[in-house]
Amino acid sequence: MGSARETAVLTLAACEKQGAWSDGYLKRAIREQGLDRRDGALATRLCYGVLQNKLLLDWRLAQVCSMRLEKLDVKVLCGLRVAAYQLLFLDKIPPSAAVNEAVEMAKRHSRNPRAAGLVNGVLRTLLRQGKNLEANETDKPKRLSIQYSHPQWLVEDFSALLGVEGTQGLLAANNQQPPTTAQVNYLKTTPDKLAEELRTAGAEVQPHPWLEGCLLLSGTGDLERLNTFQRGEFYIQDAASRLAVLAAGITPGQRVLDCCAAPGGKSFAAAILMENRGELISCDIHPHKIKLLEAGRERLGLSIVAPALQNAAQPREDWLDGFDVVLTDVPCSGLGIIRKKPDIRYKDPALLKGLPRVQRGILDNCARYVRPGGVLLYSTCTVLPRENGDVVDGFLADHPEFLPEPFDLPHWGKQPGQLTLWPHIHDTDGFFMAKLRRKGQTP
């Protein structure tokens, strides 16, 4: 059986070397290492803590390491980061335990006989220096980049939108761990009844402060083991995604298309709003995600949800003018969900440049499926205008048959056709939505 620290190190090394995503790899590593609930939670805390603070940790390590960090074996470097995170950020772990296990892992995972000595020396120097976490850079974007471990290009992009103070608020929010957000399946239970059952199962439950039928959970452990989950009494979905479905104005009996549906939250929210009456086609391009949609449909008892293997950018002539509402939650940079997936911030920005073209292609194609008088909803889980308002504005310029339409949201009130949600302002995922109405009357 492996240890929590080693599991975290192996996951971080895979992220560094192979480009693995931390969430999926970590879950698999915890299972393979046979970690119990307590050690699994520690491995998760260490892995996410390092990713949330990697640039700051490297800044501190570089000051005391005799070798350039990029020259170190990747597992040795990740071991140093995990140990440094424990020394600098955690109070309940004895420093000796953090140092000793890092030294032992260096012996196991490095062919360099000097690696263990280097690790020991670096970490003991950090201990002597204390928990100084203030980057002393005079350049403000660079200081924020180090302090909150966001690449400088991202700090500069955010600063252009929010200013320095707003950017600092966003970066700080991105490094917080949000509670798990559960949406109540009104077809099977009520918020009060579900909250009582979850508390009986040992979870901490709070009603969402402004979104009805939404609960904030912590201390649940593996959600899928809960009887309430298995009975389909709730599903996991951030408040922002639920707001997008509410903005679309979906009603029972309609014909709805969710073009990029997996893992299914918007489809499930729409089906519950529709009281399981009407028709809802949920598309994805990956067969394994279709299976996830089918499993969610069965668990939640949403018989109107019909998963379909379909590329949202590829035309379906039989769907032309066929839907009252079309949801297009397009592939995006994901920069609005950094607080849930901290490694997203380290994406190569060059790989993101082609996204607006992909997004526009999906929007152009799926607009053809909207009936006269119907609604087209465009959404992303990013906050960058080039993937959001710029795409929508370009679409409207080329499609005069569509007009932006204001919409009402719980707590936030009337919106002028578009809205960007921010973690530090709205306490949701970073998210964008735009509601567009096709001219004409629905038959």
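Since the structure is predicted, the reported quantities are computational estimates derived from the model, not experimental observations. (Residues numbered from 1 in each chain as written. Predicted model: local features only at pLDDT ≥ 70, side-chain atom pairs only at ≥ 80, totals over all residues. Heavy atoms only, no water.)

Novice: Report on the overall build of the protein, specifying residues and quantitative values.
Specialist: Along its length, the protein carries 17 helices and 14 strands. In terms of its C-alpha atoms, the protein occupies a principal-axis envelope of roughly 75 × 50 × 35 Å. A burial count over the protein gives 54% of its 443 residues as buried. In the protein, the share of contacts with a sequence separation of at least 24, taken over all contacts with a separation of at least 6, comes to 73%. Looking at charge distribution, the protein has the averaged site of its 55 positive side-chain charges lying 5 Å from that of its 50 negative ones. (Helix = DSSP H or I, 4+ residues; strand = E, 2+ residues; numbered from the N terminus. Buried < 20%, exposed > 50% of the residue type's maximum accessible area, 1.4 Å probe, protein only. Contact = heavy atoms within 4.5 Å. Lys, Arg positive; Asp, Glu negative; His and termini not counted. Charge placed at Lys NZ, Arg CZ, Asp CG, Glu CD.)

Novice: Can you lay out the sheet that holds strand S4 (residues 234-236) for me, pointing to particular residues and giving the numbers?
Specialist: Read across the open sheet, the four strands follow the order S2-S3-S1-S4; overall the sheet is antiparallel. Of all strands in the sheet, those bounded by a partner on one side alone are strand S2 (204-207) and S4. The mean inter-strand angle of the sheet, taken between neighbouring strand axes irrespective of direction, is 35°. (Pairing = 2+ DSSP bridges. Axes fitted to C-alpha atoms, helices over the stretch in contact; angles between N-to-C directions.)

Novice: Describe in detail the pairing of strand S5 (residues 255-258), supporting the description with residues and values.
Specialist: Where S5 meets strand S6 (residues 279-284), four bridges bridge the pair, whose relative direction is parallel. Bridge pairing in S6 places arginine 255 opposite glutamate 279. This β-α-β element, S5 to helix H13 (residues 265-273) to S6, shows right-handed connectivity. (Right-handed = clockwise from strand over helix to strand, strands pointing away.)

Novice: Explain the nonpolar core residue by residue, including any values.
Specialist: Residues Leu80, Val119 and Leu123 are the most contacted members of the largest nonpolar core, which totals 46 residues. If you list the elements that add at least two residues to this core, you get helix H1 (4-18), helix H2 (22-32), helix H3 (37-52), helix H4 (54-64), helix H5 (74-89), helix H6 (95-109) and helix H7 (115-129). Per element, the largest residue contribution to this core is eleven residues, and it comes from H5. Ignoring anything within four residues of it in the chain, the contact list for leucine 80 reads Leu61, Leu72, Leu118, Val119, Val122 and Leu123. Tyr235, Ala239, Ala248 and Ile272 belong to the second largest nonpolar core, which has 34 residues in total. (Core = buried A, V, L, I, M, F, W, Y, C linked by side-chain atoms within 4.5 Å.)

Novice: Before we move on, could you go through helix H10 (residues 191-200) and cite the residues and values that matter?
Specialist: Because the α-helix completes a turn every 3.6 residues, residues three or four places apart line up on one side. Among the residues of H10, Pro191, Leu194, Ala195 and Leu198 are the ones counted as buried. Buried residues of H10, viewed axially, fall in a sector of 100°; they line one side. For H10, the exposed residues set more than 90 degrees away from the buried face come down to Asp192, Glu196 and Thr200. The elements touched by buried residues of H10 are strand S1 (180-184), S2, strand S3 (214-218), helix H11 (227-230) and S4. Looking one or two residues beyond H10, the residue adopting positive phi is glycine 202, at roughly 100°. (Arc of directions from axis to C-beta.)

Novice: Describe unusual backbone geometry, and please don't skip the residues or the numbers.
Specialist: Here the residue pair alanine 262 and proline 263 is connected by a cis peptide bond, since its omega of 5° sits within 30 degrees of zero. Along the chain, proline 263 falls in the loop between S5 and H13. One non-glycine residue, aspartate 321, adopts positive backbone phi at about 55°. Relative to the helices and strands, aspartate 321 resides in the loop between strand S7 (305-309) and strand S8 (323-329). Overall, the relative accessible area of 40% leaves aspartate 321 in the partly exposed class. Unusually for a residue other than glycine, histidine 411 sits at a positive phi of about 70°. As for its position among the elements, histidine 411 is in the loop between strand S11 (407-409) and strand S12 (413-415). With relative accessibility at 56%, the residue histidine 411 sits in the exposed group.

Novice: Give a description of the environment of isoleucine 146 that names residues and reports values.
Specialist: Summarising the element assignment, isoleucine 146 is placed in helix H8 (residues 140-148). Distance from isoleucine 146 to alanine 313, taken between C-alpha atoms, is 39 Å for residues 167 residues apart in sequence. Each residue touching isoleucine 146, except ones within four places of it in the same chain, is listed here: Leu55, Leu56, Trp59, Ala135 and Glu137.

Novice: I'd love a proper account of the pattern of salt bridges, names of residues and values included.
Specialist: One pass over the structure, following the stated rule, counts 30 salt bridges. For the salt bridge of glutamate 16 with lysine 54, the shortest nitrogen-to-oxygen distance reads 3.5 Å. Residue glutamate 16 is located in helix H1, and its partner lysine 54 is located in helix H4; the two are separated by 38 residues in the primary sequence. Three or more residues are tied together by salt bridges with common partners; here these are Asp238, Arg339, Lys340, Asp427 and Asp429. (Salt bridge = Lys/Arg side-chain N within 4 Å of Asp/Glu carboxyl O.)

Novice: Tell me about the packing of aromatic side chains, and name the residues and values.
Specialist: Tallied over the full model, the rule gives eight aromatic pairs. Ring centres of tryptophan 210 and tryptophan 412 lie 5.5 Å apart, and the angle between their planes is 80°; on these two criteria the pair is classed as edge-to-face. Of this pair, tryptophan 210 sits in the loop between S2 and S3 while tryptophan 412 sits in the loop between S11 and S12, and the two are 202 residues apart along the sequence. By relative accessible area, which is 14% here, tryptophan 210 ends up buried. What makes tryptophan 412 partly exposed here is its relative accessible area of 26%. (Phe/Tyr/Trp six-rings, centres within 6.5 Å; stacked < 30°, edge-to-face > 60°.)

Novice: Any chance you could break down H7 for me, citing the residues and the numbers?
Specialist: In this model, H7 (15 residues) spans 21 Å end to end at C-alpha, consistent with the 21 Å of a helix rising 1.5 Å per residue. Those residues of H7 lying buried are Ala115, Ala116, Leu118, Val119, Val122, Leu123 and Leu126. Each buried residue of H7 sits inside an arc of 160° when the element is viewed along its axis, so together they form one side. Exposed side chains of H7 directed beyond 90 degrees from the buried face belong to Gly117 and Arg128. Phi for glycine 130, located one or two positions after H7, is positive at around 85°. (Expected span 1.5 Å × (residues − 1).)

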